[in-house]
Amino acid sequence: MSNSLDDVWGSDSDDDGSVVQESPDFKKLRDIHFKRGYVDGISGSKEAKLQEGFDTAFPLGSRLGMEVGRLIGILQFLDFKYGKDDEELHGDFQLAQKELKIDRVLIKSMFDSDLNLMGEHQVISKWRRIVKVHCNKYAASISSTIGN
Amino acid sequence: MAESELTGLDKLLDLEEEFYNQGFEQGSAENVKHNYIEGKQYGLQVGFQRYLLLGQITGLLDVLEVLDGDKKVFAKKIESVRSLLSGVKMDNDVASVADYENRFTRIKNKFRTILLLLQKQLKTGPEDTLSLTEVERVSLSIADEIKGRVEEDNVGTAESLQDQVQNW
C-alpha cells in the first residue's frame, strides 16, 4: 500500500516482519467493498456451471440407475415365479426395494466431496452378491453377467 | 484541491476497487463451485431416475429368457426389446435425450406385449400375473424419493435442494 496512506490506514508491509496492524478504518473500508464485490460476484455468476455439473454426473447416475434396476428386475421376476414358495427370496425382494432406493444409493458416504463415486458402490455390491445367490438357484446362467 | 490530496483520493479509490474485485472474484468462484456441485446432484438423481426402469426391464427379460429355455416362445420379442435397449445412450446430449425418449416408449410398449404373452402362457388372470403397472410401481417406489440432491447419511429430516440454496 502507498506510504501516503499509511498515516490514515496504517502500513501492511512492515520491514521488520512483525505482525501487521490494521487500523479499524482500513478494515472497515476493506469489509465494505469486499462484501459488495462478493455479493455482486454471487449474483453475477448466477447459474454458471450448473448445466456442466449436471451433464458431468448424468452418465454416472444413469449407470447406477440401470444397474440397480437390473438387480431389482431379476429379483422381481424370480419372486413372481418362485417367491410364494421361497421365503428368503421373497424377503430379499422386499428388502432390496428399501435398500436400493434412490436415497440409499445416492448417499454422501459413497461419494467424495466432488460427488465422484469412491470405488465400488457398497450397497450395490452387497445386492449383487445376494442376487447372484438367487440366480444360482433358479437361473444360473445370469450369475456370470452380474458383476462382483 | 492540492495535487497531493488528489493523488491520495485516487489511491483510495484504487484501493476500494481492489477490495471490490477481490470480493467479486471470491463470490463468483464460490458460487460457480456451488452451482457445479448442485448440478452434479441433479445429474446423478435424474440419470438414476431415467434409467432405473430400463434396467429393471433388462433384469426381468434376463430371467424370462432363461426360463423360456429351448421353447423360445419369447425369444423374438425379447430380442426386439434388447436391440432397443442396447442402443440407448447414457449421456445428456440433446440428440441422446431425444433418442432415449423415442426408445423408452417403444421399449415399454414391446415389453407390455411380452407380459401379456406371459399371462397367456401361464393361463393366469390379470391379478395373478406380472403387469407393466406393477413393474412401474416398483420402479417409482425406488426412484421417486428425493428431490435433487445426494442424501446426507442418516439424516432424518433432509432439507430440500431449494432449502439448501436459500441457506447457502
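Use the structure listed above.
So, a few notes on the structure that sits alongside this text. Owing to the predicted nature of the structure, the values given are computational and were not obtained by experimental measurement. (Residues numbered from 1 in each chain as written. Chains lettered and ligands numbered in written order. Predicted model: local features only at pLDDT ≥ 70, side-chain atom pairs only at ≥ 80, totals over all residues. Heavy atoms only, no water.)

## Notes on the overall build of chain A
Each helix and strand counted, chain A has seven helices and zero strands in total. When the helices and strands of chain A are read in sequence order from the N terminus, they spell out α-α-α-α-α-α-α. When burial is assessed residue by residue, chain A has 43% of its 148 residues classed as buried. Sequence separation of at least 24 residues holds for 49% of the intrachain contacts in chain A that already meet a minimum separation of 6. Just so you have it, chain A exposes about 8000 Å², and 51% of that area is on carbon and sulfur atoms. (Helix = DSSP H or I, 4+ residues; strand = E, 2+ residues; numbered from the N terminus. Buried < 20%, exposed > 50% of the residue type's maximum accessible area, 1.4 Å probe, protein only. Contact = heavy atoms within 4.5 Å. Areas by Shrake-Rupley, 256 points an atom, 1.4 Å probe, with all protein chains shown as cover.)

## Comments concerning the interface of chain A and chain B
Each partner contributes residues to the interface: chain A has 70 residues there, and chain B has 69 residues. Roughly 6100 Å² of surface becomes buried between chain A and chain B when both sides are summed, with 73% attributable to carbon and sulfur atoms. On the chain A side of the contact with chain B, Phe58, Phe77 and Ile102 of chain A bury the most area, a combined 12% of that side's loss. Put simply, chain A and chain B have two salt bridges between them. At the junction of chain A with chain B, the criterion picks out 21 residue pairs in polar contact (both at pLDDT 80 or more). (Buried area = accessible area lost by both parts, 1.4 Å probe. Salt bridge = Lys/Arg side-chain N within 4 Å of Asp/Glu carboxyl O. Polar contact = N/O pair within 3.5 Å; in protein donor to acceptor, adjacent residues only side chain to side chain.)

## Focus: the side chain of Asn31 of chain B
Residue position: Asn31 of chain B is located in helix α1 (residues 3-68). The exposure class assigned to Asn31 of chain B is buried, which follows from its relative accessible area of 5%. At a separation of 3.0 Å, a polar atom in the side chain of Asn31 of chain B contacts the main-chain carbonyl oxygen of Lys46 of chain A.

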